[in-house]
Each structure stands twice: as C-alpha cells, then as structure tokens.
Amino acid sequence: MTAESTATAFEVRGVSKVFPGATTVQALRNIDLSLREGSLTCIVGPSGCGKSTLLRILGELESATTGEIVHNLKVDRVPRSAFVFQEHGVFPWFNVLQNVAFGEQMAGVSKSRREETAREWIGKVGLVGFEGAYPHQLSGGMRQRIAIARAFATGSPSLLMDEPLGALDAQTRILMQEQLVSLWEAERKTVVLVTHSIEEALLLGDQIVMMSARPGQVKEVIDIPFERPRSTAIEADPEFARMKQDIWESLRDEVQASLSFK
Ligand SMILES: Nc1ncnc2c1ncn2[C@@H]1O[C@H](COP(=O)(O)OP(=O)(O)OP(=O)(O)O)[C@@H](O)[C@H]1O
Ligand SMILES: [Mg+2]
C-alpha cells in the first residue's frame, strides 16, 4: 500500500452528541473512527441511532458535544465536503444545468467554467439532453442523479451522502448503485454513505461501520474484500452471501433494541 492510500481524511475522536431539551436525547456516544483518504465508508445502523447526526458533524453542519473531528483533507476555495441528502436534494426553480452548476457557484468559479464542469457531470450521470428540464419534469431517479452530479461537480474532496438512493424503486436503485460505484472508482473521493441496505454497503464500500441502537456507538467496522471494479455480479460470490448474513444477524439485534413495540 502506498503512503497516500493510508493517509487519513477524517479522524473521529471520542465524539458524543447530546440534544438537550424537554426530552434530552443522547444521539451518539464516544465514536472513534478513522476514515482513509479516497475510501468509501458505508454506515449502517437502526433508525434513530445517530447516522445522520454523525454525517452532519463530519460535514461541520453540527458540532459534537464532546470529542473532536480532525480534518486532514486540504482544500483551497471549495468546501471540504459536499452533501447528497435523501430528499429535497435539488432546487425546483433551477433546471438540470443550473442545479448541477450550483455547487461550484459557492467557490466563485466563472459561469462558463461552471457550466462546462456541469455538462461534463451531466454526461457522466446519463442526463444529456435534459439540461434545460426542470426537476418536476423528471423521474425520482433522474432527480437523484442531478444531486449526485452536483456533489461530484463541486470539486470537494469528500462527499457525505445520507441514503442517497433510499427513495428509489428497487430496479432504478440497482442501476444507480452500479453508476455510483463506477463514478466513485474513477474519482476516488473520500465518501461516507449512510444506507439501510446491506447489499448496497457491500457493493459500494471499502468498509462498513455498523452502529448500535441509540445512543449510537460503533459496534463493528467490517472490511469489504471484493476486488474493484465492482458490479452487482459480486452478489453471486458465496463470500457476499456469507457476509450479508453475518452483517444482518448483527444488525438485527440492534434494530430489535431500537424498537419499542409492546
Ligand atoms: N436537531 C435535533 N434536535 C433534537 N434531537 C435530534 C435532532 N436531530 C436528531 N435528533 C435525535 O437524535 C437521534 C438520532 O437521530 P438521527 O437523525 O441522527 O438518526 P438516524 O440514524 O439518521 O435515523 P434514520 O435511520 O431514521 O434516518 C434521534 O433520537 C433524533 O430524535
Ligand atoms: Mg437519518
């Protein structure tokens, strides 16, 4: 392994998060994580265990109550992280080109340069011909592709994605997973992606961080051994089935602990 591939992008040290209020909630407890530069980390865990909170803290949208995050990615003019949220990821009043070009606007890049970058990414996510279309004229899968293209086009070295494919139907989701894995394999940004799908985590990730029921703690960090480039063909690998089963068994305990059915 080269020195570069072992450099750390984010170092999460003893991070806890408490939301005070009428019902004080401890969302995260003592999270320690090391995220390698250029790696893709998938976070899985039961609903309410603090995945989105952790992503927001990583992206500096929220602060930790205790502990710290050491950011090692060097940035010049662009934000360190770009986000893809599950919903409301596109501006309805902008067309596709304007939506994708918006990311770089923050970095003060000229309009023509931004549009050039945006057209390149529109091509990479398969939306050529739709540059002038507005989000309401597109399918849910196409809107997600706009959000993904915009995040890549910002030039930010890290992408933080919160269930980016969660709202898609099963077939579109599979195609989008393959598209996302190949875009990332070409770009190698440092990505943290929250997902509820174990298959998706195994297909995309270098590692899976499994969180426990709230207060969210790191239960396990699992290295994913499959060779790259990857496609959904890895699902035929017996190792894939074995890992999927093991991860589900461990996750199931946490999901059960997080539910309070009587
Ligand atoms: N701004 C906030 N104020 C108060 N409590 C919050 C806030 N944001 C999150 N929480 C609480 O923190 C806990 C973790 O929430 P978070 O959204 O991070 O979970 P999650 O793992 O992303 O869940 P899901 O899988 O359902 O998206 C929850 O109990 C939630 O109610
Ligand atoms: Mg969430």
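One numbering rule holds for all chains: residues counted from 1, following each sequence as written. The naming scheme follows written order: chains are lettered A onward, ligands numbered 1 onward. pLDDT decides what is reported in this predicted model: residues at 70 or higher carry local features, side-chain atom pairs at 80 or more are listed and counted, and totals for whole chains, interfaces and linings draw on all residues regardless. Side-chain numbers come from the whole structure's heavy atoms, not from hydrogens or water.

1. Concerning the site of ligand 1
At step 1: Residues in contact with ligand 1 amount to 14 residues; listed here are only the nearest, Ser47, Gly48, Lys51, Ser52 and Thr53.
At step 2: Throughout this description, a polar contact denotes any pair of N or O atoms lying within 3.5 Å of each other; where both atoms belong to protein, one of them has to be capable of donating a hydrogen while the other can accept it, and for residues adjacent in sequence the pair is counted only when both atoms sit in side chains. Contact between ligand 1 and glycine 50: an oxygen atom at 3.0 Å from a main-chain N or O atom of the residue.
At step 3: Per-residue accessibility takes into account occlusion by the displayed protein chains alone, with areas from the Shrake-Rupley method and a 1.4 Å probe. Protein burial of ligand 1: of its 640 Å² of free accessible surface, 62% is covered by the chains.
At step 4: To qualify as a helix, a DSSP run of H or I must reach at least 4 residues; to qualify as a strand, a run of E must reach at least 2; elements of each kind are numbered from the N terminus. Mapped onto the shell around ligand 1, the elements with two or more residues apiece are strand E2 (25-36) and helix H1 (51-58).
At step 5: Per element, the largest residue contribution to the shell around ligand 1 is 3 residues, and it comes from H1.
At step 6: Split into classes, the residues belonging to the shell around ligand 1 amount to 5 nonpolar, 6 polar and 3 charged. The cutoff for a nearby residue is simple: one of its non-hydrogen atoms must lie within 4 Å of the molecule or strand. In this classification, Asp, Glu, Lys and Arg are treated as charged, Ala, Val, Leu, Ile, Met, Phe, Trp, Tyr, Cys and Pro as nonpolar, and every other residue, Gly included, as polar.

2. A closer look at the packing of aromatic side chains
The description of an aromatic ring pair uses the distance of the two centres, along with the angle that the planes make with each other.
At step 1: We call Phe, Tyr and Trp rings a pair once their centres come within 6.5 Å, taking the six-membered ring for Trp, and we label the pair stacked below 30 degrees between planes, edge-to-face above 60, and tilted otherwise. Under the definition given, this model contains 8 aromatic pairs.
At step 2: Arranged with centres 5.3 Å apart and planes meeting at 5°, the rings of phenylalanine 83 and phenylalanine 85 form a pair that is stacked.
At step 3: Only protein chains enter the area calculation, which uses a 1.4 Å probe; residues under 20% of their type maximum are buried, those over 50% are exposed, and those in between are partly exposed. The class of phenylalanine 85 is partly exposed, set by a relative accessible area of 34%.
At step 4: Seen from their ring centres, phenylalanine 91 and phenylalanine 102 are 4.8 Å apart, and the 70° between their planes marks the pair as edge-to-face. In this pair, phenylalanine 91 is assigned in the loop between strand E5 (81-84) and helix H2 (96-105) and phenylalanine 102 in helix H2, connecting sequence segments 11 residues apart.
At step 5: In this structure phenylalanine 91 comes out as partly exposed when scored by relative accessible area, which is 24%.
At step 6: What links up through ring pairs into an aromatic cluster is the set Phe91, Trp93, Phe94 and Phe102.
At step 7: Placement of a positive charge over a ring is assigned whenever Lys NZ or Arg CZ falls within 6 Å of the ring centre and within 35 degrees of the normal to the ring plane. Geometry around tryptophan 121 places lysine 124 over its ring, the cationic atom sitting 4.2 Å from the centre.

3. Re the nonpolar core
At step 1: One finds Val100 and Leu202 to be the most contacted residues of the largest nonpolar core, which totals 51 residues.
At step 2: With 8 residues, the single largest contributor to this core is helix H4 (residues 140-153).
At step 3: Residues contacting valine 100, with those up to four places away along its chain left out, are Ala118, Trp121, Ile122, Ile146, Ala149, Arg150 and Ala153.
At step 4: With 23 residues, the next largest nonpolar core counts Ala9, Leu33, Phe83 and Met211 among its residues. In these notes, a set of buried Ala, Val, Leu, Ile, Met, Phe, Trp, Tyr and Cys residues joined through side-chain atoms within 4.5 Å is what counts as a nonpolar core. For this analysis, residues touch if any pair of their heavy atoms sits within 4.5 Å.

4. Structural notes on the sheet that holds strand E4 (residues 66-71)
At step 1: Strand pairing follows a simple DSSP-based rule, namely that at least 2 bridges must link the two strands. Pairing is antiparallel in the open sheet, where 3 strands are placed in the order E2-E1-E4. A strand with exactly one partner marks an edge of an open sheet, and here the two such strands are E2 and E4. Within this sheet the neighbouring strands show an average axis-to-axis angle of 15°, counted without direction. The angle between two axes is taken between their N-to-C directions and runs from 0 to 180 degrees, where each axis is a line fitted to C-alpha atoms and a helix contributes only its stretch in contact.

5. Regarding helix H5 (residues 170-187)
At step 1: For H5, with 18 residues, the first-to-last C-alpha span of 26 Å sits near the 26 Å given by 1.5 Å per residue.
At step 2: Looking only at H5, the buried set comprises Arg173, Met176, Gln177, Leu180, Val181, Leu183, Trp184 and Glu185.
At step 3: Just downstream of H5, arginine 188 is the residue with a positive phi angle, here 50°. The span expected for a helix works out to 1.5 Å for each residue beyond the first.

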